[in-house]
Amino acid sequence: ALSQNSITPNSDIFFSLKDANDKWTTPKSAENINSEYFESYPSLSHDGDIIVFASDRPDGYGGIDLYVSSKNSEGNWSKPLNLGNGINTEGDEISPFICNDGSLMYSSNGLSADKTFDIYIASDELDGNWNNPHKLPSPINSKFNELSASVFDNMIYLSSDRPGGCGNYDIYSFVHCDDDLLEGTEEGETPEIPLEGKLYLLNSDREVISISDINSDGKFVVNLSPSNIYYLRYFNNCVPNYVP
């Protein structure tokens, strides 16, 4: 594991693209991102316009810090900015991962008493600006090292040297989020308008997933899967164009 007192070898970030023949192009150094210092653990946003990476360049808060760079309309990367002391510590912050919802997962050993790496997640305030990190609970984190967390299809994957594995670091997986029940109530502007109607649940492409009946009390319950975007559309039985 990396530590604040270790000598970190130089490392650079390279990009390779798939061409029209589904072949990878020759890797090219990431201009304006690489330096004479250590750059590694790159993570791209879902749209490919933001990159977060780890570096031990001397303008940080100590050890290895996380930096962010954004791509402009010409495809050039901006000068990397340190993510600040809301994310970085005097220890090491490594292995960032930008989730599809914009939140940032990463590992840090700067807040644990035993200097082991734990996985944190920070909310996305604005593009390239993360705040309010919190440590993920057990069993995702343990008393040992947890590194390189990523999220795919509602599963968290990570590397850990906790006991019970095959030796050294092993890969573990956990369910990210359980299904949620969204409970709500349709309310009219005036009590004279009855609330009976239909509630349509739509996905991110605004395709109808389910239709629920709304009774006179206006209450509804819909089941939602995690890590998705949904829309609700209500139609009143008596006044079809009425939106309470």
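Residues numbered from 1 in each chain as written. Predicted model: local features only at pLDDT ≥ 70, side-chain atom pairs only at ≥ 80, totals over all residues. Heavy atoms only, no water.

So, the nonpolar core
Stated precisely, the cut-off is as follows: To qualify as a nonpolar core, a set must consist of buried Ala, Val, Leu, Ile, Met, Phe, Trp, Tyr and Cys residues joined through side-chain atoms within 4.5 Å. Whether a residue is buried, partly exposed or exposed follows from its accessible area with a 1.4 Å probe, protein chains only, as a fraction of its type maximum: under 20%, in between, or over 50%, in that order. Helix and strand labels come from DSSP, where a helix needs a run of H or I of at least four residues and a strand needs a run of E of at least two; each type is numbered from the N terminus.
Grouped together as the largest cluster of nonpolar side chains are 18 residues, with contacts concentrated most on Val52, Leu66, Leu83, Ile87, Leu104 and Trp130. For this core, the secondary-structure elements that each account for two or more residues are strand 4 (50-55), strand 5 (65-70), strand 7 (93-98), strand 8 (104-108) and strand 9 (118-126). Considering each element in turn, this core owes the most residues, 3 residues, to strand 4. Counting residues in each nonpolar core, the second largest holds 13 residues, with Phe97, Cys99, Val151 and Ile156 among its members.

A word on the confidence of the model for the protein
The following threshold applies: Along the chain, pLDDT gives the predictor's confidence residue by residue, from 0 to 100. Here, residues are in contact when the closest pair of their heavy atoms is within 4.5 Å.
Averaged over all residues, the pLDDT of the protein equals 89, while 94% of them reach at least 70. For the stretch residues 1-5, pLDDT sits under 50, and the model shows 14 contacts to residues farther than four places along the chain or on other chains.

A few points about the packing of aromatic side chains
Our working definition: Side-chain rings of Phe, Tyr and Trp (the six-membered ring for Trp) are treated as a pair once their centres are within 6.5 Å; stacked means planes under 30 degrees apart, edge-to-face means over 60, and tilted covers the remaining angles. Here, over-ring charges are defined by two tests on the NZ atom of lysine or the CZ atom of arginine: distance to the ring centre within 6 Å, and angle to the ring normal within 35 degrees.
In total, this model carries 5 aromatic pairs according to the counting rule given. Ring geometry for phenylalanine 97 and phenylalanine 152: centres 5.8 Å apart, planes at 65 degrees, overall edge-to-face. Of the two residues, phenylalanine 97 is situated in strand 7 and phenylalanine 152 in strand 11 (residues 146-152); the sequence distance between them amounts to 55 residues. Ring geometry for tyrosine 106 against tyrosine 120: centres 5.9 Å apart, planes inclined by 20 degrees, an arrangement best described as stacked. Pair noted here: tyrosine 106 is in strand 8 and tyrosine 120 is in strand 9, with a separation of 14 residues, a long-range link. Between arginine 57 and the ring centre of tyrosine 67, over which it is positioned, the NZ or CZ distance is 5.1 Å. Here arginine 162 stacks its cationic end above the ring of tyrosine 172, 5.1 Å away from the centre of that ring.

Points about the sheet that holds strand 5
Hydrogen bonding along the main chain pairs the strands of a sheet, whether they run parallel or antiparallel. Note the threshold: A pair of strands counts as paired when DSSP detects no fewer than two bridges linking them.
The sheet built from 4 strands is open, its strands ordered 3-4-5-6 with antiparallel pairing. Unpaired on one side and paired on the other, strand 3 (39-44) and strand 6 (81-82) mark the two borders of the sheet. Sheet topology note: the strand 5/strand 6 ladder contains 2 bridges and is antiparallel. Across the sheet, valine 68 pairs through a bridge with leucine 81, a residue of strand 6.

Observations concerning the sheet that holds strand 13 (residues 170-175)
Note the threshold: Lines fitted to C-alpha atoms define the axes here, with helix axes fitted over just the stretch in contact, and angles between the N-to-C directions of these axes take values from 0 to 180 degrees.
Read across the sheet, 3 strands follow the order 11-12-13 without closing on themselves; strand pairing throughout is antiparallel. If you trace the sheet from one side to the other, it starts and ends with strand 11 and strand 13, each paired once. When the angles between neighbouring strand axes are averaged without regard to direction, this sheet yields 20 degrees.

With respect to the pattern of salt bridges
For clarity, the cut-off: Salt bridges are defined by distance alone: a side-chain nitrogen of Lys or Arg within 4 Å of a carboxyl oxygen of Asp or Glu.
Evaluation of the coordinates by the stated rule reveals 5 salt bridges. A salt bridge links aspartate 213 to lysine 198; its shortest N-O distance comes to 2.4 Å. Here aspartate 213, found in strand 16 (residues 208-214), pairs with lysine 198, found in strand 15 (residues 197-202); they are 15 residues apart in sequence, far enough to count as distant. Overall, the relative accessible area of 51% leaves aspartate 213 in the exposed class. Given a relative accessible area of 32%, lysine 198 falls into the partly exposed group.

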